[in-house]
Amino acid sequence: MLFTVRFAAQMLLLFTVWCSGTSASDAVSILPSTQALSLIVKEVTGDVRLPLLPANVSPHDFSLKPSHIRRLQGAELVVWLGPKVEPYLAKVMAQIPDHQQFIINQGQLALEYGQHPWTSPEYLLQGLQQLSLRMGKDWDSDAWLNQMNKLKQQLLAHQFTLTQKNQGYLVYHDGIGGFEGYFGLQHLASFTGADDQPPGAKQLATIAQLAQEQKVACVLIDHEVRPKLVNAVLSPSIDRITIDILATNSDSLIGYVNELQKAVLSCGADK
């Protein structure tokens, strides 16, 4: 009797281990290149996948190491933004079979290096739909669209209020063009056109003039900001509002877009 019970327990243990091994092997090893893409993967699969780049690192500042290349080569599916937006990956990804990589919105948008397409809810929605189709997952976009429509109404109302005050906002660099385009927003000016380019004298003069005319309610600053430069042009009375372009502090896509929205809404808000 004791032998029978022990044998049954051993068989149950072996079956449990076998099932665990089977489920692990059935799960596709997905490697998103950036934190924003990891949020897309999480939305579709329900699983948290560690991105190739550290969450707080811009693709502009990143250099691949042998360990990164091994991760890319070992993944069953690499989700990335394509060679124009992530040129640092182009050489390695050219050696990886097509069925082991997935480019978000490939061929649908004319994107160049320096742009941040993931700030656009439309771009994110297309990525969600495409990846869910690729993974054979059901994903309902209704809740996403409803939420984005609510945010759009709030943002447009806020921009109208700023316009009535003859004010607007600055951005440190043109990194949220996708977000602004989707919600119908427009900044007054930017310090620089790309986060890896220094501001020009003409841009600084324009910003100084806008500030002198009291047309600037705030400046949205990001991970690449040079505080001394901003402080040299803008007085302390103009709010500096941090905006998380890289989704460093977000654990969901809705949360990410909400944080971008909160940053804009806080510009010029009554204190």
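Scoring rules and cut-offs
- Residues numbered from 1 in each chain as written.
- Predicted model: local features only at pLDDT ≥ 70, side-chain atom pairs only at ≥ 80, totals over all residues.
- Heavy atoms only, no water.
- Helix = DSSP H or I, 4+ residues; strand = E, 2+ residues; numbered from the N terminus.
- Buried < 20%, exposed > 50% of the residue type's maximum accessible area, 1.4 Å probe, protein only.
- Contact = heavy atoms within 4.5 Å.
- Areas by Shrake-Rupley, 256 points an atom, 1.4 Å probe, with all protein chains shown as cover.
- Salt bridge = Lys/Arg side-chain N within 4 Å of Asp/Glu carboxyl O.
- Pairing = 2+ DSSP bridges.
- Axes fitted to C-alpha atoms, helices over the stretch in contact; angles between N-to-C directions.
- Phe/Tyr/Trp six-rings, centres within 6.5 Å; stacked < 30°, edge-to-face > 60°.
- Lys NZ or Arg CZ within 6 Å of the ring centre and 35° of its normal.
- Expected span 1.5 Å × (residues − 1).
- pLDDT = per-residue confidence, 0-100.

A. Quick peek at the overall build of the protein chain. Helices and strands together make up the secondary structure of the protein chain, namely 10 helices and 7 strands. Buried positions account for 45% of the 271 residues belonging to the protein chain. For the protein chain, restricting intrachain contacts to residue pairs at least 6 apart in sequence, the fraction spanning at least 24 positions comes to 59%. Per element, the accessible surface of the protein chain, about 14500 Å² overall, is 55% carbon and sulfur.

B. Representation of the side chain of Ser120 within the structure. You can see Ser120 is positioned in the loop between β3 (101-103) and α5 (121-135). By relative accessible area, Ser120 is classed as buried at 9%. Once residues within four sequence positions are removed from consideration, Ser120 is found in contact with Gly178, Phe179 and Tyr182.

C. The arrangement of the environment of Tyr172 in detail. Looking at the secondary structure, you find Tyr172 in strand β4 (residues 168-173). Along the backbone, Tyr172 and Val225 are 53 residues apart, and their C-alpha atoms lie at a distance of 6.5 Å.

D. Representation of the pattern of salt bridges in the model. Summed over all chains, the structure comprises 3 salt bridges. Residue Arg49 pairs with Asp47 through a salt bridge whose shortest N-O separation is 3.3 Å. On the accessibility criterion, Asp47 (36% relative accessible area) is partly exposed. Note that Glu259 and Lys262 form a salt bridge whose closest N and O atoms lie 3.5 Å from each other. Of the two residues, Glu259 and Lys262 are both situated in helix α10 (residues 253-265); the distance of 3 residues between them amounts to about one turn of the helix. The partly exposed category is assigned to Glu259, whose relative accessible area is 39%. In this structure Lys262 comes out as partly exposed when scored by relative accessible area, which is 48%.

E. A look at the sheet that holds β3. Overall, parallel pairing links the 3 strands, which are arranged β1-β2-β3 in an open sheet. Edge strands, defined here as strands with exactly one partner in the open sheet, are β1 (30-32) and β3. Along the sheet, successive strands turn relative to each other by an average axial angle of 20 degrees, direction set aside. Both β1 and strand β2 (residues 77-80) contribute to a ladder of 3 bridges, which runs parallel. Within β2, the position partnered with Ile30 by the bridge is Leu77. This element, helix α2 (residues 35-45), spans β1 and β2 of the sheet and lies at about 145 degrees to β1.

F. Representation of the packing of aromatic side chains within the structure. Under the defined criterion, the tally for this structure stands at 4 aromatic pairs. For the pair Tyr172 and Phe191, a centre-to-centre distance of 5.5 Å together with 25 degrees between the ring planes defines the contact as stacked. Within this pair, whereas Tyr172 is found in strand β4, its partner Phe191 is found in strand β5 (residues 190-192), the two being separated by 19 residues in sequence. Under the relative-accessibility criterion, Phe191 is labelled buried at 0%. For the pair Tyr182 and Phe183, a centre-to-centre distance of 4.9 Å together with 85 degrees between the ring planes defines the contact as edge-to-face. Taking relative accessible area as the criterion, Phe183 reaches 1% and is therefore assigned buried. Taking the ring centre of Tyr182 as reference, the NZ or CZ of Lys152 above it sits at 4.6 Å.

G. Quick look at α5. Given a rise of 1.5 Å per residue, 15 residues ought to cover 21 Å, and the 21 Å separating the end C-alpha atoms of α5 matches this to within 8%. Among the 15 residues that make up α5, 11 are buried, leaving the element largely enclosed by the rest of the structure. Those residues of α5 lying buried are Pro121, Tyr123, Leu124, Leu125, Gln126, Gly127, Leu128, Gln130, Leu131, Ser132 and Met135. Among the residues trailing α5, Gly136 stands out with phi positive, at a value near 70 degrees.

H. Representation of the confidence of the model for the protein chain in the model. Taken over all residues, the pLDDT of the protein chain has a mean of 85, while the share at 70 or more is 85%. Confidence, expressed as mean pLDDT per element, reaches its minimum in the protein chain at helix α1 (residues 2-26) with 40 and its maximum at β1 with 97.

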